[in-house]
Amino acid sequence: MKCKLAKTKILRLLPVSLLFAVVVLGGCASLPNIVPQLPLPRADNYSLPAGQDIGRANAFLTQGKKREAAAAYFEASNNYRSPERERLILQAAELAAVLKDTPLTQRYLAPVNFAGLNAENQARFRFTQAQLALNDNNYRETLRILPQRVNTLPPELGTKILNARMSAAQSSGDKLALVQELVLQESSLTEQHQKDLNNDRIWNYAQQIPNYQLDEGIGRINHPVLKNWLMLAKLGKVSKSDNASVKTSLRGDTAKWLQQNPNHPGKSKAIELLNVVPSTTVTPYQTDATTSTTNSTVAAAKPAKSTSSKKQIAVLLPLTGNLAGIGKTLLNGIQDAHKLNPNNSELKVLNTSSGSIDGIYKTALNGGAQTVIGPFIKPALSSLSRSTIPVPTIGLNYVEGLQNTSGNLYQFGLSPEDEARQIVDYAMSKGLQRVAILTPDSDWGNRLHDAMRRATIEKRGKVVMSESFRNSAISYAKPAESIGARENELDAILVAASPTQIRRLYPDLRQKIRSLPVYATSHVYSGLPDTDKDSVLEGLVFTETPWVLDSASRQNSSSSAFPRLYAMGMDAYKLSSSTESLKAYGSTISGKTGTISLDKDGSFHRKSGLARFNKGVAMPFGG
């Protein structure tokens with residue numbers, strides 16, 4: 001499949017929290033590129049003095065006449081005292097630097113005494129000098145000039161400085177410099193899914209650093225987080241070795257790293273490394289057929305010894321028929337995640353659209369499968385659970401009451417109950433104890449209603465009222481009126497609805513109830529940007545996967561018609577090498593669908609991100 005990078009616009013000034021936004025790749029099996037906000041083609045107007053002469057300069061700037069604006073700012077500086085005078089001179093110099101006119105920039109800067117500048121103007125002086133260095137492709141000098149800490153500076157200036165640093169680090173081709181910049185700038189990120197994506201990039205680029213440079217960096221660098229990222233990267237390189245003795249020592253070295261760095265942001269990467277080599281004391285891929293209590297043909301099957309040195313992962317999905325679209329989307333996610341991080345493994349794909357699941361599973365084992373991802377269909381998963389499962393098997397759905405007698409059968413999916421509990425937890429954390437629940441009168445709606453109700457009671461909240469609406473309703477005025485009549489008794493409204501339903505329901509709610517917050521599950525959003533239709537959902541807060549949020553916040557198309565399923569496929573592959581470590585360390589994994597944990601019964605649970613509609617766009621929401 002050819003990798004086509006989605007067209008990316010150089011955006012205007014954005015908050016630092018969006019600095020590392022994802023560029024969606026259409027089926028591209030690589031980590032999304034870093035797309036830093038390059039220094040703006042105009043200077044910001046923060047802290048400029050007011051006056052008619054300044055207005056004239058601003059007008060030039062608005063018209064795109066940068067050279068005329070620079071001259072006007074410089075001329076106006078004669079009418080002001082410090083620090084406004086220097087601020088105007090630096091405005092002129094920055095515009096000249098953007099125009100790549102070095103002599104003019106230096107002429108503007110000549111009367112400025114750097115030592116006499118206040119902190120903000122010193123940062124602006126440095127930014128202008130760094131812009132000249134960037135113009136000359138002198139990336140090392142750019143990084144030397146620019147300050148690393150910007151938390152005390154105006155947000156617009158701080159953003160430009162961080163963008164310039166990231167641009168220089170990326171353009172330099174020096175992977176160590178890029179990793180260092182990613183680590184240093186992580187403190188500027190506010191959303192957990194942005195930090196997770198940043199850590200993915202750190203891990204990816206750190207393993208591309210040559211060994212000699214890794215050793216040099218470990219010996220020279222004092223920053224503890226960066227230093228331990230580099231040490232972990234060395235272990236990551238060892239994991240790709242075919243030498244069995246080297247891999248055996250890797251397990252001990254990685255366990256030691258985890259013990260010494262229990263709170264390091266690379267913890268989940270280290271846990272993944274533990275699974276590259278099976279423990280010498282545990283052999284989870286064998287089972288004694290004589291202990292089986294079932295007559296299934298799978299029970300007697302043991303995974304055949306593979307002729308390949310790579311770990312065999314079988315993927316069992318429906319690839320033809322009515323569920324082919326879902327199956328292929330999941331498969332694309334699994335394959336792309338594998339290409340990004342192969343972990344010395346190879347995939348073998350089996351179609352489950354026809355034939356018995358027991359026979360297909362046995363075929364996978366006979367082919368040497370050491371791990372199985374799938375099946376997806378509930379009846380198949382239920383049937384498989386009645387067999388002895390000799391290898392870790394991650395079912396891509398949930399079956400209530402599923403028996404996991406072998407300890408090797410796991411369940412993972414996009415559980416709506418997880419999201420229902422999450423919005424209740426969020427409401428209760430805000431002190432919103434009295435809620436109304438509004439759901440469709442369908443089996444799915446009843447599931448969500450029951451999950452919200454149970455979670456509210458468990459959190460010692462109160463379900464004041466429950467309302468349902470016809471699944472095919474055209475008007476939602478009646479439930480909106482019912483809730484509106486009891487507004488004074490409520491703190492929040494919890495909703496489950498489809499995108500079509502919520503676009504009619506939410507405006508009706510807002511006509512009757514203006515003050516109460518409304519929280520919903522991700523089902524209110526299709527996962528694909530549609531600002532025209534979603535503009536009526538202003539302020540609605542809902543759960544959403546990090547993968548979808550990263551693309552939606554920039555109104556980019558996702559990688560498929562089912563972006564959440566694609567993300568689920570990526571996480572399923574990630575979990576296929578993490579089950580033992582999650583059990584052993586009681587840890588969590590940051591994935592494309594959210595933060596994932598494992599319960600004692602073998603079910604994975606997700607905690608998604610939060611989003612809020614802003615002018616028709618689903619944006620990350622920190623609460």
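In this text, all values refer to a predicted model and were calculated from it rather than measured experimentally.

**Concerning the packing of aromatic side chains**
Where two aromatic rings form a pair, the distance of their centres and the angle of their planes describe that pair.
Part 1 of the reasoning: What the rule picks out here adds up to 12 aromatic pairs.
Part 2 of the reasoning: Measuring from centroid to centroid gives 4.7 Å for Phe 74 and Tyr 108, while their planes differ by 35 degrees, and the two rings are tilted. With Phe 74 in helix H2 (residues 66-76) and Tyr 108 in helix H4 (residues 102-109), the pair connects residues that are 34 residues apart, well separated along the chain.
Part 3 of the reasoning: Centroid distance Phe 469 to Tyr 476: 5.2 Å. Interplanar angle 85 degrees. Geometry classified as edge-to-face.
Part 4 of the reasoning: The class for Phe 469 is buried, based on a relative accessible area of 3%.
Part 5 of the reasoning: Three or more aromatic residues joined by ring pairs form one cluster here, namely Tyr 410, Phe 412 and Phe 604.

**Quick notes on unusual backbone geometry**
Part 1 of the reasoning: Residue Ser 82 is joined to Pro 83 through a cis peptide bond whose omega torsion reads 0 degrees.
Part 2 of the reasoning: Tracing the backbone through its elements, the reader meets Pro 83 in the loop between H2 and helix H3 (84-98).
Part 3 of the reasoning: Its identity is not glycine, yet Lys 100 carries a phi of approximately 60 degrees, on the positive side.
Part 4 of the reasoning: Tracing the backbone shows Lys 100 in the loop between H3 and H4.
Part 5 of the reasoning: Backbone geometry places Arg 460, a non-glycine residue, at a positive phi of 65 degrees.
Part 6 of the reasoning: Residue position: Arg 460 is located in the loop between helix H18 (443-458) and strand S9 (462-469).

**Observations concerning the pairing of strand S3 (residues 311-317)**
Part 1 of the reasoning: Within S3, 7 of the 7 residues are buried, which leaves it mostly tucked inside the rest of the structure.
Part 2 of the reasoning: Side chains of S3 alternate between two faces, with Lys 311, Ile 313, Val 315 and Leu 317 and Gln 312, Ala 314 and Leu 316 buried alike.
Part 3 of the reasoning: Relative to strand S4 (residues 345-351), S3 runs parallel, the two sharing 7 bridges. Within S4, the position partnered with Val 315 by the bridge is Val 349.
Part 4 of the reasoning: Taking the sense of rotation as the criterion, the β-α-β connection linking S3, helix H14 (residues 324-340) and S4 turns out right-handed.

**A short note on the packing of helix H5 (residues 119-135) against helix H7 (residues 155-171)**
Part 1 of the reasoning: Axis separation between H5 and H7 bottoms out at 11 Å; the angle between their running directions is 30 degrees. One way to sum up the angle between H5 and H7 is to call them roughly parallel. The element H5 and its partner H7 pack so that their crossing is left-handed. The residues of H7 that touch H5, namely those facing Glu 120, Ala 123, Arg 124, Phe 127 and Leu 134, are Leu 157, Lys 160, Ile 161, Ala 164 and Ala 168.
Part 2 of the reasoning: Per-class residue counts for the contact of H5 with H7 are 7 nonpolar, no polar and 3 charged.

**Digging into the environment of Lys 65**
Part 1 of the reasoning: Residue placement: Lys 65 occurs in the loop between helix H1 (52-62) and H2.
Part 2 of the reasoning: Taking relative accessible area as the criterion, Lys 65 reaches 37% and is therefore assigned partly exposed.
Part 3 of the reasoning: Reaching out from Lys 65, the side chain makes a polar contact with the side chain of Gln 63 at a distance of 3.4 Å.

Here is what the cut-offs are and how they apply
Residues numbered from 1 in each chain as written. Predicted model: local features only at pLDDT ≥ 70, side-chain atom pairs only at ≥ 80, totals over all residues. Heavy atoms only, no water. Phe/Tyr/Trp six-rings, centres within 6.5 Å; stacked < 30°, edge-to-face > 60°. Helix = DSSP H or I, 4+ residues; strand = E, 2+ residues; numbered from the N terminus. Buried < 20%, exposed > 50% of the residue type's maximum accessible area, 1.4 Å probe, protein only. Pairing = 2+ DSSP bridges. Right-handed = clockwise from strand over helix to strand, strands pointing away. Axes fitted to C-alpha atoms, helices over the stretch in contact; angles between N-to-C directions. Parallel < 35°, antiparallel > 145°, perpendicular 65-115°, else oblique. Left-handed = near helix turned anticlockwise from the far one by under 90°. Contact = heavy atoms within 4.5 Å. Nonpolar A, V, L, I, M, F, W, Y, C, P; charged D, E, K, R; others polar. Polar contact = N/O pair within 3.5 Å; in protein donor to acceptor, adjacent residues only side chain to side chain.

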